[in-house]
Amino acid sequence: MLLQSLREEVLEANLELVRRGLVLYTFGNASGISRRDRLIAIKPSGVAYETMAPEHIVITDLDGRIVEGELRPSSDLPTHVELYKRFPNIGGVAHTHSEYATAWAQAGRPIPCFGTTHADYFHGPVPVTPRLTSDEIATDYERNTGLAICHLFDQLGTDEISAVLVAGHAPFCWGPSAAAAAHNAVILESVARMAYYTIAIAAGAVPISAELHDKHFLRKHGKDAYYGQVNSK
Ligand SMILES: [Zn+2]
């Protein structure tokens, strides 16, 4: 069987989304990529998590063609493919309909950075795509969802926000691995919930300063990061 360890990691990332309460029934999907092999490992479509095993994970190429697997891949595979093409350094993608992040996506509102929890992970507001057009929905819907995300990040000019809200839909997150993508999905949901509470308490709440945002993001990410233990990841 191809890519046994990646299959196990992708399975574990999918189960993590369930354990953290981000996924109902078979909603949601996580994938990982082997850049060396140019192959993607993704959750199968519509299989119950309780019975999912590494051999159920579907292996595809970067055109979304099945290379190994009996089952159909998640229908969101074309969105994952576009993200892997757009962000050459990422190793995993996670998609959920977690309630608070999805509420922001449905409202068509970016999540402002109201505090350092957000700033530790995302270097800017979590952006929201424009709504898809009728044509984009009618043909190649899942691929066009990915392209809408890619165009948004082309405009933003950043690779320091590993999450996006698709308008009227839900979040997609990514990271260096499938596990990191799932982790970011969990953090995004927490950040989205806190931002909602912040506005509920004080409708006029304002984002933290750029200085505080930069301090928290940059001490954990990039070349001058100093948060955590030396020699640990
Ligand atoms: Zn979805």
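Just so we're clear, the structure is a prediction, and the values are computed from it rather than from any experiment.

Cut-offs used in this document
Residues numbered from 1 in each chain as written. Predicted model: local features only at pLDDT ≥ 70, side-chain atom pairs only at ≥ 80, totals over all residues. Heavy atoms only, no water. Helix = DSSP H or I, 4+ residues; strand = E, 2+ residues; numbered from the N terminus. Rg over C-alpha atoms; globule rule 2.2 N^0.38 Å. Buried < 20%, exposed > 50% of the residue type's maximum accessible area, 1.4 Å probe, protein only. Contact = heavy atoms within 4.5 Å. Areas by Shrake-Rupley, 256 points an atom, 1.4 Å probe, with all protein chains shown as cover. Lys, Arg positive; Asp, Glu negative; His and termini not counted. Charge placed at Lys NZ, Arg CZ, Asp CG, Glu CD. Donors = N, O, S within 2.8 Å, 3.2 Å for Na, K, Ca; no water. Salt bridge = Lys/Arg side-chain N within 4 Å of Asp/Glu carboxyl O. 1 Å grid on protein atoms, 1.4 Å probe; cavity = no way out; pocket = protein on both sides within 12 Å on 5 of 7 lines; lining within 4 Å. Points joined across faces, edges and corners; volume = space filled by probe spheres on them. Nonpolar A, V, L, I, M, F, W, Y, C, P; charged D, E, K, R; others polar. Expected span 1.5 Å × (residues − 1). Pairing = 2+ DSSP bridges. Axes fitted to C-alpha atoms, helices over the stretch in contact; angles between N-to-C directions. Left-handed = near helix turned anticlockwise from the far one by under 90°.

Right, let's talk about the overall build of the protein chain for a bit. On a plain count of helices and strands, the protein chain comes out with eight helices and seven strands. Computed over its C-alpha atoms, the radius of gyration of the protein chain comes to 17 Å, within 12% of the 17 Å expected for a compact globule of 233 residues. Taken along the three principal axes of its C-alpha coordinates, the protein chain extends 50 × 50 × 35 Å. The proportion of buried residues among the 233 residues of the protein chain is 48%. Intrachain contacts of the protein chain at a sequence separation of at least 6 include 65% that bridge at least 24 residues. Just so you have it, the protein chain exposes about 11,800 Å², and 52% of that area is on carbon and sulfur atoms. For the protein chain, the distance from the average site of its 20 positive side-chain charges to the average site of its 26 negative ones is 4 Å.

For a metal bound by four donors in tetrahedral geometry, the ideal donor-metal-donor angle is 109.5 degrees, whereas six donors in octahedral geometry ideally sit at 90 or 180 degrees. Surrounding the zinc ion are the protein donor atoms His95 (NE2), His97 (NE2) and His169 (NE2), which sit 2.0 to 2.1 Å from the metal. Donor residues for the zinc ion sit on one chain with the sequence pattern H-x1-H-x71-H. Pair noted here: His95 is in strand E5 (residues 92–95) and His169 is in the loop between strand E6 (163–165) and strand E7 (171–175), with a separation of 74 residues, a long-range link. Comparing His95 with His169 shows no difference in burial state: the two are buried.

Right, let's talk about the pattern of salt bridges for a bit. In the structure shown here, the tally under the stated rule is 11 salt bridges. For the salt bridge of Glu16 with Arg20, the shortest nitrogen-to-oxygen distance reads 2.8 Å. Residue class for Glu16 comes out buried when judged on its relative accessible area of 19%. For the salt bridge of Arg65 with Asp61, the shortest nitrogen-to-oxygen distance reads 3.2 Å. Given the relative accessible area of 17%, Asp61 is considered buried. Connected through salt bridges with shared partners, the residues Glu12, Glu16, Arg19 and Arg20 form a single ionic network.

Looking now at the layout of surface pockets. Considered as a void within the structure, the largest pocket measures approximately 560 Å³ in volume. Along the wall of the largest pocket there are 20 residues; nearest its centre are Asp159, Ser162, Gly175, Pro176 and His221. Listed by contribution, the elements that provide at least two residues to the lining of the largest pocket are E7, helix H7 (178–201) and helix H8 (210–220). Among the elements that line the lining of the largest pocket, the one with the most residues is H7, at three residues. Residue composition of the lining of the largest pocket, grouped by class: nine nonpolar, seven polar and four charged.

With that out of the way, let us pick up helix H6 (residues 141–156). In this model, H6 (16 residues) spans 23 Å end to end at C-alpha, consistent with the 22 Å of a helix rising 1.5 Å per residue. By the burial criterion, the buried members of H6 are Asn144, Thr145, Gly146, Ala148, Ile149, Cys150, Leu152 and Phe153. Along its buried surface, H6 packs onto helix H2 (77–86), helix H5 (134–138), E6 and E7. Two residues or fewer past H6, Gly157 is found with a positive phi of approximately 65°.

Turning our eyes to something else, we now look at the sheet that holds strand E3 (residues 58–61). Ordered in space as E4-E3-E2-E1-E5-E7-E6, the seven strands form an open sheet in which the pairing is antiparallel. With partners counted over all chains shown, the strands left at the sheet margins are strand E4 (66–68) and E6, one partner each. Between one strand and the next, the sheet's axes are offset by a mean angle of 25°, whatever the strand orientation. In the sheet, E5 pairs with E7 via four bridges, with the strands oriented antiparallel. Within the sheet, the bridge partner assigned to Ala94 lies in E7 and is Cys173. With respect to the sheet, H2 is in contact with strand E1 (29–34), strand E2 (39–42), E3, E5 and E7, its orientation differing from that of E1 by roughly 40°.

Packed helices, taken two at a time, are described by their axes: the angle between them and the distance between them. Following both chains from N to C, one finds helix H3 (residues 99–107) and H7 inclined at 65°, their axes separated by 7 Å at the closest point. Crossing handedness for the pair H3 and H7: left-handed. Taken together, the residues of H7 that come into contact with H3 (itself represented by Glu99, Tyr100, Ala101 and Trp104) are Leu188, Glu189, Ala192, Arg193, Ala195, Tyr196, Tyr197 and Ile199. Residue classes in the contact of H3 with H7 are distributed as nine nonpolar, no polar and three charged.

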